[in-house]
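Each chain, letter by letter, is given below.
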There are 8 protein chains.
Amino acid sequence: MRSESNNTMRLTKNSKLVMIGDSITDAGRAQPDGEGLGDALGHGYVALVDALLGATYPYHPIRIINKGTGGNTVRDLKRRWQADVIDLKPDFVSIMIGINDVWRQFDSPKQVDSHVYIEEYEATLNDLIARTKSAGATVILMTPFYIESNRDDAMRAQMDRYGEVVKRLALTHDSILVDTQAGFDSILSHIYSATLCWDRVHPSKTGHMAIARAFLNALDFEW
Amino acid sequence: MRSESNNTMRLTKNSKLVMIGDSITDAGRAQPDGEGLGDALGHGYVALVDALLGATYPYHPIRIINKGTGGNTVRDLKRRWQADVIDLKPDFVSIMIGINDVWRQFDSPKQVDSHVYIEEYEATLNDLIARTKSAGATVILMTPFYIESNRDDAMRAQMDRYGEVVKRLALTHDSILVDTQAGFDSILSHIYSATLCWDRVHPSKTGHMAIARAFLNALDFEW
Amino acid sequence: MRSESNNTMRLTKNSKLVMIGDSITDAGRAQPDGEGLGDALGHGYVALVDALLGATYPYHPIRIINKGTGGNTVRDLKRRWQADVIDLKPDFVSIMIGINDVWRQFDSPKQVDSHVYIEEYEATLNDLIARTKSAGATVILMTPFYIESNRDDAMRAQMDRYGEVVKRLALTHDSILVDTQAGFDSILSHIYSATLCWDRVHPSKTGHMAIARAFLNALDFEW
Amino acid sequence: MRSESNNTMRLTKNSKLVMIGDSITDAGRAQPDGEGLGDALGHGYVALVDALLGATYPYHPIRIINKGTGGNTVRDLKRRWQADVIDLKPDFVSIMIGINDVWRQFDSPKQVDSHVYIEEYEATLNDLIARTKSAGATVILMTPFYIESNRDDAMRAQMDRYGEVVKRLALTHDSILVDTQAGFDSILSHIYSATLCWDRVHPSKTGHMAIARAFLNALDFEW
Amino acid sequence: MRSESNNTMRLTKNSKLVMIGDSITDAGRAQPDGEGLGDALGHGYVALVDALLGATYPYHPIRIINKGTGGNTVRDLKRRWQADVIDLKPDFVSIMIGINDVWRQFDSPKQVDSHVYIEEYEATLNDLIARTKSAGATVILMTPFYIESNRDDAMRAQMDRYGEVVKRLALTHDSILVDTQAGFDSILSHIYSATLCWDRVHPSKTGHMAIARAFLNALDFEW
Amino acid sequence: MRSESNNTMRLTKNSKLVMIGDSITDAGRAQPDGEGLGDALGHGYVALVDALLGATYPYHPIRIINKGTGGNTVRDLKRRWQADVIDLKPDFVSIMIGINDVWRQFDSPKQVDSHVYIEEYEATLNDLIARTKSAGATVILMTPFYIESNRDDAMRAQMDRYGEVVKRLALTHDSILVDTQAGFDSILSHIYSATLCWDRVHPSKTGHMAIARAFLNALDFEW
Amino acid sequence: MRSESNNTMRLTKNSKLVMIGDSITDAGRAQPDGEGLGDALGHGYVALVDALLGATYPYHPIRIINKGTGGNTVRDLKRRWQADVIDLKPDFVSIMIGINDVWRQFDSPKQVDSHVYIEEYEATLNDLIARTKSAGATVILMTPFYIESNRDDAMRAQMDRYGEVVKRLALTHDSILVDTQAGFDSILSHIYSATLCWDRVHPSKTGHMAIARAFLNALDFEW
Amino acid sequence: MRSESNNTMRLTKNSKLVMIGDSITDAGRAQPDGEGLGDALGHGYVALVDALLGATYPYHPIRIINKGTGGNTVRDLKRRWQADVIDLKPDFVSIMIGINDVWRQFDSPKQVDSHVYIEEYEATLNDLIARTKSAGATVILMTPFYIESNRDDAMRAQMDRYGEVVKRLALTHDSILVDTQAGFDSILSHIYSATLCWDRVHPSKTGHMAIARAFLNALDFEW
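The rules behind each value
- Residues numbered from 1 in each chain as written.
- Chains lettered and ligands numbered in written order.
- Predicted model: local features only at pLDDT ≥ 70, side-chain atom pairs only at ≥ 80, totals over all residues.
- Heavy atoms only, no water.
- Helix = DSSP H or I, 4+ residues; strand = E, 2+ residues; numbered from the N terminus.
- Rg over C-alpha atoms; globule rule 2.2 N^0.38 Å.
- Buried < 20%, exposed > 50% of the residue type's maximum accessible area, 1.4 Å probe, protein only.
- Contact = heavy atoms within 4.5 Å.
- Areas by Shrake-Rupley, 256 points an atom, 1.4 Å probe, with all protein chains shown as cover.
- Lys, Arg positive; Asp, Glu negative; His and termini not counted.
- Charge placed at Lys NZ, Arg CZ, Asp CG, Glu CD.
- Buried area = accessible area lost by both parts, 1.4 Å probe.
- Salt bridge = Lys/Arg side-chain N within 4 Å of Asp/Glu carboxyl O.
- Least-squares fit on C-alpha atoms with pLDDT ≥ 70 in both.
- Axes fitted to C-alpha atoms, helices over the stretch in contact; angles between N-to-C directions.
- Parallel < 35°, antiparallel > 145°, perpendicular 65-115°, else oblique.
- Left-handed = near helix turned anticlockwise from the far one by under 90°.
- Nonpolar A, V, L, I, M, F, W, Y, C, P; charged D, E, K, R; others polar.
- Pairing = 2+ DSSP bridges.
- UniProt positions renumbered as here; feature names shortened; annotations may be inferred.
- Phe/Tyr/Trp six-rings, centres within 6.5 Å; stacked < 30°, edge-to-face > 60°.

The name given to chain A in an unreviewed UniProt entry is Lipase, and the organism recorded there is Capsulimonas corticalis.

Shown next as structure tokens:
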């Protein structure tokens, strides 16, 4: 455990971090608040980030609020951005979105109104980042991912295109970048994707831990 | 509808067909009997085969009994073969097994005692076919499948090896062969696998219909 | 499977088909949308039509939306026609209604306000067809049915009168006609009605398959 | 209400009456005892007989035990006759069986092992009556019924044949006969069968009251 | 069964009868309608009256609607009289109310605002009868009851006072009177109250049959 | 609170008290043990005795085990006396039994095999007391009760006769006597029985407190 | 039992007592009314006070209404004071609040908006007492408590500070004071806190009895 | 992430680790196997250890089996040691036991048969370790803990005595020692115990992460 004095972690002490996204972020969090005792933060990477910070830096409290909602695309985030992000006056906001934007194109090809194509994705995400920065918060951008090692797979290839958008926006906006896809890729070089989950999207606890590690390492967390 | 006189379907009128396998065959069938009113045949390809025959050949009754059990490997079939197949005195027996034999190698790599490797698979299946033929029934062999179009995918490649075993045994034993993997492949050339299911194993109704079609076409069914 | 080039099926590629009716159509579909993954299309003939098309014509996608609602009469359809049909901008609309219009006269003879007599039935159905055609959609009319082989049975005789209305309107409006009652009759000449269902209204999977066959054959579907 | 002195009802005061049969008799009775407070007698004609006797002849107690079991045929009754009838040392035993013996021939034609044909039905029922008389109890025989007014209907015609067996055995054994089918027929001349129930077997409260009336009238009950 | 021609029962053929009251009337009826297939009329005397009429006079249909609501006093009936009685345009209206008006004085003596004393009871009931007659319906008044044979018991004595009010109003308004308390008293001279129910208020099926008998006998019903 | 030094309560410090009886004693206790954290002692007088002792004499622990079982008569107690009393090696044993012995005679008059008449009651109870004393435990006898102020009521009169048996046995065996009926009578001179409970047997919390007071006062408890 | 004539208890006969607070007071009371038959008063000290008064002073009725709500702080009480206290026109009002005001500071240190600090606590409570007195009711103030014997424990020390506020306000307003913390302390000198409950807040039945005793003793109750 | 070559973690690659204990270890694991997909390892430190190893060392698989059972003391472990540990042929066995051994002395002081005193604790644990070593497995001993910072608290002091036993046995048997109490103490110097849990025993996710960290650090895990 780092001593209290030489802590260099990038989340400021006593700051408020809102984590928003889709079902991966949601993971069964309390509705509507996403904060409180028990399982209010859900069972996914958000709860793991909170537990890792709490157990490792007990002298450096970070208030985490989970605002993930299952099934969301960036179009859904836009609808609830004011209430679920800006109104909470966060110091940090992490965003992991895009999986459903891509997935619907592959599992529901006939329902075209449910597809969020890449132009809309980029424009909307860009707008949300800008609004968040204007409100004074630091943005943490997480790439969407697909737990498939074959980069020629049609859906993986498309997910990578959306991931490239996230990386470009992180650069443009000088945001912190968490490359979750890269985190999974380093594991997939050793095990088959089905070990982490059957649907290549909703990870096991090990998969959520991989996301939490990628997140914390991007923030200079030390174990 | 074919007229009653020129019916050439290979299942004999008033015969009894036992269909056995894993969760794909099971599909929520009644326990323990797998036969009766309502949803006793489950919601999968077995029920579709029954419905297609009943609606198309009402003058040519076939008694179908579903003996699929979720999670089964060929090792499990062996344990219950006497009670669930031989004792029922069937005229026809269809077998679709192997998916879990392969899957456990990929989703539970550390639990090696749950893996059924290809030698045990072939020997056991060969034995079950022989016992069934000795009991006077005609055997219908269905290949296991993986709903993934990339034949280089590690689990797809392994499933194909098990499918080759099935094809070889069909030839050896002069059994009827249903190439379910080929049935899926002709669909996967037009749509992405996620449209048929998320886990590449448990198909949607469309996927079950694809299996039922492959099955019936191998029996010279006419719509 | 027909090859992609010589497909003569009457549902246009990439078209949208809304299927509306009572509990036979509903069959446990998702509320309120009647579309999506899993069992959103229910467990009846609508899901079977979708599965048969998907498995047989994977290169020719048809978007199907189930708008059946249990217990509905044509009077109920009228109330929700704008929201559940017109607003969806369908290319094709199938209608199977009339069973409850007749049934209430026989199972609830004292509750006369629940009966929809034949004049109201014809006038309302005529109006709904006209509105649908004006909106640019092709109408597919399905006769209501009663799974009883005795045509002198009081309820069967009444159902046949309503079926005659449907046939007349199909002619008048140049709509596609699906004679579901005829589909059942050809089966009932071989088996007793109780084999298909106990209440002579809600069919087993075999019965739903008979409806799906009648529907698809009217559209020049090839297996 | 008859006065206590001139009561001519055929059930002896303080006697024990066991009523056995299938789901019509069972009607949700308490398991395994079929006797006690609350709904222990179920919701069918047995409970109505008990309530009618209790409300009309409070000075003349009859102990009623419900031993109906859903789905039973006469073959099932035979299996449990010692434990469920003889061991209870009843004074009177009513038997209504045969509906499932017939029904399975019509709703499950392929499952021939579930059919109880008329020879087995007559022989078994004859044997049960003889054993009951030997044990000193008076037997009350109730005809099985089918709530269908068309006597040419295949299943109704078959049910009538089984009913003739019951009438013949009542004569042979000098048992009390309850013609439940006749009770229904007098109602069906005024209303359509669906008013009493959808499946023509499990009656509404009105139908159960019709059975209770037929039963009590055969015993010279006075209102 | 009376023949159709000499039927002298006082409920007119094809008339509508609304039965209103407290939990004894309610008895688990369908909410909000109190009419329809299955158990819509509940499990109490209302359903028994319907079944007895249906089984005995099938040629003389009476439409019965159950509007009982558990816990109601006459004060509650007043609040819903327009919607639950007058708006239904009944031909006959039966009222059994008063048990809770009295009971709360004995089981909740401290909660005086829940007590409906005899002056309010009489005035309100008088008003409801008058409104009903003005609307053209025939009123059937049923006395409230307490299943206790000791007339000196404090609650029984109070219930009898309320019963006297009902009898007086029946005379004043020339309504049909059903003396349910007398119906129970003739049974209680033979058995202890606990045989009919433990709480002396909610009767067993036998008790409900006693009410139904008292009701039908007041209407010149013949078995 | 009494000081620790002058405590004269008759339950010895650190002693074990088994309390046995029917549903009044049971009151939802944990099965099978009747001891432990939470609601293991149930919600009735046993739990109140435990709580009153624990809150008033924290320095004088008494281990209480609830062995009440709903529906029990003295005949049932006899069957489980060895396992549920003797084997626990108690220092004190309280017995409250007899309510069901009497009640079944009044609520189930026809089921005579469920009645325990007074001779069997006395003989059995006498035997249980003797066995308990032989095992070295002090016996506390509680009279059964009926919450009815009218001593001429048939069931109350019978309960009083059983209570007299208990009083006589307490004298004979020099046991501690708790007159629970007297405890209720002093309350019933002020309020109607329905205030304490509807069925005159299962008391409200106030009624259970009345039993607990009678019990503790018989043991010289001081508040 | 005190005789009716020399009763000196401070709650006036036939008066109404509203008891308000957090989950300790609530204890599963009926929502929204907190009054009525069965478990309407919950399972805590409120129900015990009611039962002790009812069993000991049956001639001196006190109407108790439970208005506790789980999780409440004094800030929540303020919001509902008019509806839940003043509008009920009580004669006596007991208040036990403050546990959650303190607890949130210790179990949710990061969620500072959920903390009610001591200045707000005192000002708000003072205001509620004044409003209640103006409405003519006598106020009974109960100290909040923490079931921990170590007075140096950080949360116990803070709870004691809030308890001092309550004592000061009791003096200022001439209210009746119930020192619940003192009640627990006298028990904790004999047993470890875990015997009364695991979380040091929600007491067992013994703990609730300790509160009830402290409450009643402050009102000169005699056993 | 450490590279594959310089991995110095003490759990051997492809080894099997059985983790046994009480409810802290159990944490909702699958019964009876404690291994498999989904939540089979429960929600506590066992699952976190598995996830941390899986995400950090994907090239170094460790098979973990959870054999914790809620409420267990060392006496319970002894009963199931052969079946749940030895028969599994583990390479490593972690044991965390003692919390209930101590707790029962404090929350159930009267139930002395549920207490496991320190002599029995040490002797039994010593025996289990010896048997495990004889079977060829490496033992990892974890101290029991109490999440209370006051070392003078009676239960904390007792838990520390049991912890000393564990440390002594670790030394004697040359086992790996995990000082979980020390892990909690370093956190409790910054936050109040209620932040980690209300009952000072069952920790939040943060508390379980603290145990996992202590465990992994004792095995030279690197993040």
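Further notes follow.
Across its full length, chain A holds eight helices and five strands. Reading chain A from its N terminus to its C terminus gives the helix and strand order β-α-α-β-α-β-α-α-β-α-β-α-α. Against the 2.2 N^0.38 benchmark of 17 Å for 223 residues, chain A shows a C-alpha radius of gyration of 17 Å, consistent with a compact globule. Dimensions of chain A, computed from C-alpha atoms along their principal axes, come out at roughly 55 × 40 × 35 Å. For chain A, the proportion of its 223 residues judged to be buried stands at 62%. Summarising the internal contacts of chain A: among those between residues at least 6 apart in sequence, 77% fall at separations of at least 24. When the accessible surface of chain A is summed, it comes to about 7800 Å², and 49% of that surface belongs to carbon and sulfur atoms. Within chain A, one finds 24 positive and 29 negative side-chain charges whose respective centroids are separated by 2 Å.

As a further point, take the arrangement of the chains. There is a gap between chain A and chain F: no contact, and a shortest C-alpha distance of 21 Å. In this structure chain B stays clear of chain G, and the shortest span between their C-alpha atoms is 39 Å.

To continue, consider the interface of chain D and chain E. The interface is formed by 29 residues belonging to chain D together with 30 residues belonging to chain E. Overall, the association of chain D and chain E removes approximately 2600 Å² of surface from exposure, summing both partners, and the carbon and sulfur fraction of that is 68%. Three residues stand out in chain D for area buried against chain E, namely K205, R213 and W223 of chain D, and they jointly supply 32% of the buried area on that side. At the junction of chain D and chain E, the tally comes to two salt bridges. Residues D39 of chain D and K205 of chain E are paired through a salt bridge, measuring 2.9 Å at the closest nitrogen-oxygen approach. Only α2 (45–56), α7 (180–188) and α8 (205–218) of chain D provide two or more residues apiece to the side of chain D that touches chain E. The leading source of residues in the side of chain D that touches chain E is α2 of chain D, at eight residues.

The transformation that overlays chain C on chain D combines an axial shift of 0.1 Å with a rotation of 180°, and the residual RMSD is 0.1 Å. Taken together, the rotation and translation describe the operation of a two-fold axis. Within chain C, D199 of chain C has its C-alpha nearest the rotation axis, a separation of 2.3 Å.

The next point concerns the packing of helix α2 (residues 45–56) of chain H against helix α8 (residues 205–218) of chain H. Residues and elements named next belong to chain H. Where α2 meets α8, the axes come as close as 8 Å, and the angle between the chain directions of the two elements is 60°. In this view, α2 runs oblique relative to α8, as classed from their interaxial angle. In this structure, α2 crosses over α8, and the sense of that crossing is right-handed. On α8, the residues touching Y45, L48, V49, L52 and L53 of α2 are K205, H208, M209, I211, A212, F215 and L216. Split by residue class, the contact of α2 with α8 holds ten nonpolar, one polar and one charged.

This brings us to the environment of A27 of chain B. Residue and element names in this part refer to chain B. In this structure, A27 sits in the loop between α1 (23–26) and α2 (45–56). Sequence separation between A27 and H43 is 16 residues; the distance between their C-alpha atoms is 5.4 Å. Among all residues touching A27, those that are not within four sequence positions of it are G42, H43 and G44.

What follows concerns the side chain of T180 of chain D. Residues and elements named next belong to chain D. Within the secondary structure, T180 sits in helix α7. On the basis of relative accessible area, T180 is assigned to the buried category, the value being 1%. When residues no more than four places from it in sequence are discounted, the contact partners of T180 are M96, M142, T143, P144, F145 and I211.

Its rotation angle being 180°, the transformation that places chain D on chain E also includes 0.0 Å of axial translation and leaves an RMSD of 0.0 Å. Take the interface residues of chain D: 100% of them recur as interface residues in chain E, which is what a same-surface contact looks like.

It is worth spelling out the environment of Q105 of chain F at this point. Residue and element names in this part refer to chain F. Its location among the elements puts Q105 in helix α4 (residues 99–107). For Q105, a relative accessible area of 14% translates into the label buried. Sequence separation between Q105 and N7 is 98 residues; the distance between their C-alpha atoms is 44 Å. If we ignore the near neighbours within four places in the chain, the residues touching Q105 are H115, V116, Y117, Q158 and Y162.

Here we come to the sheet that holds strand β5 (residues 176–178) of chain G. All names here are of chain G. Strand order in this open sheet of five strands is β2-β1-β3-β4-β5, and the pairing throughout is parallel. Two strands in the sheet have a free side with no partner beyond their single neighbour: β2 (63–66) and β5. Strand-to-strand twist of the sheet, defined as the mean angle between neighbouring strand axes without regard to direction, takes the value 20°. One ladder, built from five bridges, connects strand β3 (residues 92–96) with strand β4 (residues 138–142); its direction is parallel. The residue bridging S94 from the neighbouring strand is I140, located in β4. Where helix α6 (residues 154–173) meets the sheet, it contacts β4 and β5, and its direction lies at approximately 160° from that of β4.

This brings us to the pairing of β2 of chain G. In regular strands, side chains alternate between the two faces of the sheet. Residues and elements named next belong to chain G. Here β2 shows no split at all, with R63 and I65 on one side and I64 and N66 on the other all buried. As paired elements, strand β1 (residues 16–21) and β2 share four bridges and run parallel to each other. Paired with V18 across the strands is I65, a residue of β2.

Those residues carrying the UniProt feature "domain: SGNH hydrolase-type esterase" (unreviewed entry) are residues 20–208 of chain A in this numbering. Between the first and last C-alpha atoms of residues 20–208 of chain A the distance is 15 Å; the span itself is 46% helix and 10% strand.

To continue, consider the interface of chain C and chain D. It is common to report an interface's size as the accessible area lost on association of the parts. Each partner contributes residues to the interface: chain C has 19 residues there, and chain D has 19 residues. Counting each side, the surface lost to burial between chain C and chain D is near 1500 Å², with a carbon and sulfur contribution of 53%. In this structure, the connection of chain C to chain D is made through two salt bridges. A salt bridge links E148 of chain C to R200 of chain D, with the shortest nitrogen-to-oxygen separation between them at 3.7 Å. Looking at the side of chain C that touches chain D, the elements with two or more residues in it are α4 (99–107) and α6 (154–173) of chain C.

This part takes up the packing of aromatic side chains. All names here are of chain D. According to the stated counting rule, one finds 60 aromatic pairs over all chains in the structure shown. Taking 5.6 Å as the distance between ring centres and 55° as the angle between the ring planes, the aromatic pair formed by Y57 and F221 counts as tilted. Of this pair, Y57 sits in the loop between α2 and β2 (63–66) while F221 is found in the segment after α8, placing the two residues 164 residues apart along the sequence. The two residues Y57 and F221 agree in class, both being buried.

Residue and element names in this part refer to chain A. Running from N to C, helix α4 (residues 99–107) and helix α6 (residues 154–173) cross one another at 150°; their axes reach a closest spacing of 10 Å. When the axes of α4 and α6 are compared, the pair comes out roughly antiparallel. The crossing of α4 and α6 is right-handed. On α6, the residues that touch I99, D101, V102, W103, Q105 and F106 of α4 are A154, M155, Q158, M159 and Y162. In terms of residue class, the contact of α4 with α6 is made up of eight nonpolar, two polar and one charged.

Moving on: the side chain of S108 of chain C. Turning to its location among the elements, S108 of chain C is positioned in the loop between α4 and α5 (118–134). Accessibility expressed as a relative area gives 7% for S108 of chain C, which makes it buried. If we skip the residues at most four places from it in the chain, S108 of chain C touches W103 and H115 of chain C together with L37 of chain E.

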